[in-house]
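# Secondary and tertiary structure notes
One letter stands for each residue in the lines below.
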Amino acid sequence: MRKHIVAGNWKMNLTFTEADELLDDLMSELEKVELPRDTQVIVCPPFPYLEMASDYANDSYFMVGAQNVSDQEKGAYTGEVSAAMLESCEIDYCIVGHSERRAYYGETDALVAAKVNQLLAHGLKPIVCVGEVLEEREAGRQLDVVKKQVEGGLFHLSAEQMQQVIIAYEPVWAIGTGKTATPDQAQEIHAHIRSLLAAKYGQAVADEVSILYGGSCKPSNAKELFAKPDIDGGLIGGASLKAEDFMGIVQSF
Ligand code: 13P
């Protein structure tokens, strides 16, 4: 059965010393609790801190992910980081297609698909983000928008590849705004995504894919969200920057 996952997306936050402190706090907090075997904790720091995070992860319970990857294999792409590099640094996960990358760096579904291919070719698990903006929700178009993103970013994959993918539904209007989707609003989209997967790959594959919710998720609302049948955990921004808050969410299953 699919895993329960809480992943922290640190975004472009924290200095080296602050990152070190947060990882140290997180390790101490994780030592104190006994998590169910099907619960996976992932930390996604900025690139320069991946190695430090991996060192901590070796002695702790969490796994490490990157926040972005190149769509290209290697070569003259200044400033880019390849999936092969992440693989060689033993990074297991990578966020792809976050709404901030779609909005500020022009990432399209085709680019997301190419990045997903790179990650899978190098044995990393992509955490693929989808979600509608406020105007799209107000126009009642959220189901169509998410369908297009899921199809465009993922439906070229084989069923076997699809089972390596984690999907994160992040309504853009809920990211960093303090405005969380209600558990019912989130569940509707998660069930929609799972039904799209079931129609394309069959119910057994759809049941294996973890679908996370992201957008102002915090200890006070995580329990209600995670209680929904198709919400398998969270992709956490702001609340992942404090070990106590992040752990509060981790313990919400
Ligand atoms: P917040 O939790 O800060 O709303 O961010 C969510 C997010 O974008 C995680 O990827």
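Quick summary incoming for the structure in this document. Quick caveat: nothing in here was measured; it's all calculated off a predicted structure.

Rules behind the numbers
Residues numbered from 1 in each chain as written. Predicted model: local features only at pLDDT ≥ 70, side-chain atom pairs only at ≥ 80, totals over all residues. Heavy atoms only, no water. Helix = DSSP H or I, 4+ residues; strand = E, 2+ residues; numbered from the N terminus. Rg over C-alpha atoms; globule rule 2.2 N^0.38 Å. Buried < 20%, exposed > 50% of the residue type's maximum accessible area, 1.4 Å probe, protein only. Contact = heavy atoms within 4.5 Å. Areas by Shrake-Rupley, 256 points an atom, 1.4 Å probe, with all protein chains shown as cover. Lys, Arg positive; Asp, Glu negative; His and termini not counted. Charge placed at Lys NZ, Arg CZ, Asp CG, Glu CD. Near = heavy atom within 4 Å. Polar contact = N/O pair within 3.5 Å; in protein donor to acceptor, adjacent residues only side chain to side chain. Nonpolar A, V, L, I, M, F, W, Y, C, P; charged D, E, K, R; others polar. Pairing = 2+ DSSP bridges. Right-handed = clockwise from strand over helix to strand, strands pointing away. Patch = residues over 30% accessible without salt bridge, like charges linked within 9 Å, V, L, I, M, F, W, Y side chains within 5 Å. Salt bridge = Lys/Arg side-chain N within 4 Å of Asp/Glu carboxyl O. Phe/Tyr/Trp six-rings, centres within 6.5 Å; stacked < 30°, edge-to-face > 60°. Lys NZ or Arg CZ within 6 Å of the ring centre and 35° of its normal. Expected span 1.5 Å × (residues − 1).

### As for the overall build of the chain
Of regular secondary structure, the chain possesses 12 helices and 8 strands. Scaling as 2.2 N^0.38, a compact globule of 253 residues should have a C-alpha radius of gyration of about 18 Å, and the chain matches this with 17 Å. With respect to the principal axes defined by its C-alpha atoms, the chain has extents near 45 × 45 × 35 Å. Looking at the chain as a whole, 53% of its 253 residues are labelled buried. If you take every contact in the chain between residues at least 6 apart in sequence, the share linking residues at least 24 apart comes to 71%. In the form shown here, the chain has an accessible surface area of approximately 11400 Å², with 49% of it arising from carbon and sulfur atoms. Mean positive and mean negative side-chain charge positions of the chain (21 and 38 charges, respectively) differ by 6 Å.

### Regarding the site of the ligand
In the neighbourhood of the ligand, the contacting residues comprise N9, K11, H98, E170, A174, I175, G176, G215, S216, L235, G237 and G238. Here E170 contributes a side-chain N or O atom positioned 2.9 Å from an oxygen atom of the ligand. In isolation the ligand exposes 310 Å². Once the protein is present, 94% of that is buried. The residue makeup of the shell around the ligand, split by class, is 3 nonpolar, 7 polar and 2 charged.

### Let's talk about the pairing of strand β1 (residues 4-9)
Most of β1 is tucked away, with 5 of its 6 residues classed as buried. Of the strand pairs in this sheet, β1 and strand β2 (residues 39-44) are connected by 6 bridges, and their pairing is parallel. Within the sheet, the bridge partner assigned to H4 lies in β2 and is T39. The β-α-β motif built from β1, the intervening helix α1 (residues 16-32) and the parallel element β2 has right-handed crossover chirality. Strand direction decides the pairing type here: β1 and strand β8 (residues 233-236), joined by 4 bridges, are parallel. When the bridges of β8 are listed, A7 appears paired with L235.

### A few points about the environment of K11
Position of K11 relative to the elements: it lies in the loop between β1 and α1. Put simply, K11 and A66 are 55 residues apart on the chain and 9.9 Å apart in space, counted from C-alpha to C-alpha. Residue contacts for K11: discarding those within four places in its chain leaves P46, Q67, H98, E100, I175 and G237. Within the structure, K11 has its side chain in polar contact with the side chain of E100 (distance 2.8 Å).

### What to know about a negative patch on the surface
Side chains of E18, E21, D24 and D25 sit close together on the surface and give a patch of like negative charge. Within the secondary structure, E18 sits in helix α1. Relative accessible area serves as the criterion here: at 38%, E18 is assigned to the partly exposed category.

### Concerning the packing of aromatic side chains
Summed over the entire model, instances satisfying the criterion amount to 4 aromatic pairs. Between the aromatic rings of F226 and F253, the centroid separation amounts to 4.7 Å while the plane-to-plane angle is 20°, which identifies the pairing as stacked. Of this pair, F226 sits in helix α11 (residues 219-226) while F253 sits in the segment after α12 (243-250); the two residues are 27 residues apart in sequence, bridging distant segments of the chain. Look at F226 and you get buried, because its relative accessible area is 8%. In this structure F253 comes out as partly exposed when scored by relative accessible area, which is 33%. Looking at R101, its charged tip hangs above the ring of Y105, at a distance of 4.3 Å from the centre. The ring centre of Y201 lies 5.9 Å from the NZ or CZ of K200, which sits over that ring.

### Digging into helix α9 (residues 183-201)
Look at α9: 26 Å from first C-alpha to last across 19 residues, which is about the 27 Å you get at 1.5 Å a residue. Taken as a whole, α9 has its buried residues at P183, A186, Q187, I189, H190, H192, I193, R194, L196, L197, A198 and Y201. Looking at the residues trailing α9, positive phi occurs at G202, about 95°.

### Thoughts on the pairing of strand β6 (residues 166-169)
Residues of β6 alternate between two faces, with I166 and A168 on one and I167 and Y169 on the opposite face, all of them buried. With 4 bridges joining them, strand β5 (residues 125-130) and β6 adopt parallel strand pairing. Counted as the bridge partner of V130 is Y169 from β6. Note: β6 against strand β7 (residues 211-213), 3 bridges, orientation parallel. Paired with Y169 across the bridge in β7 is Y213.

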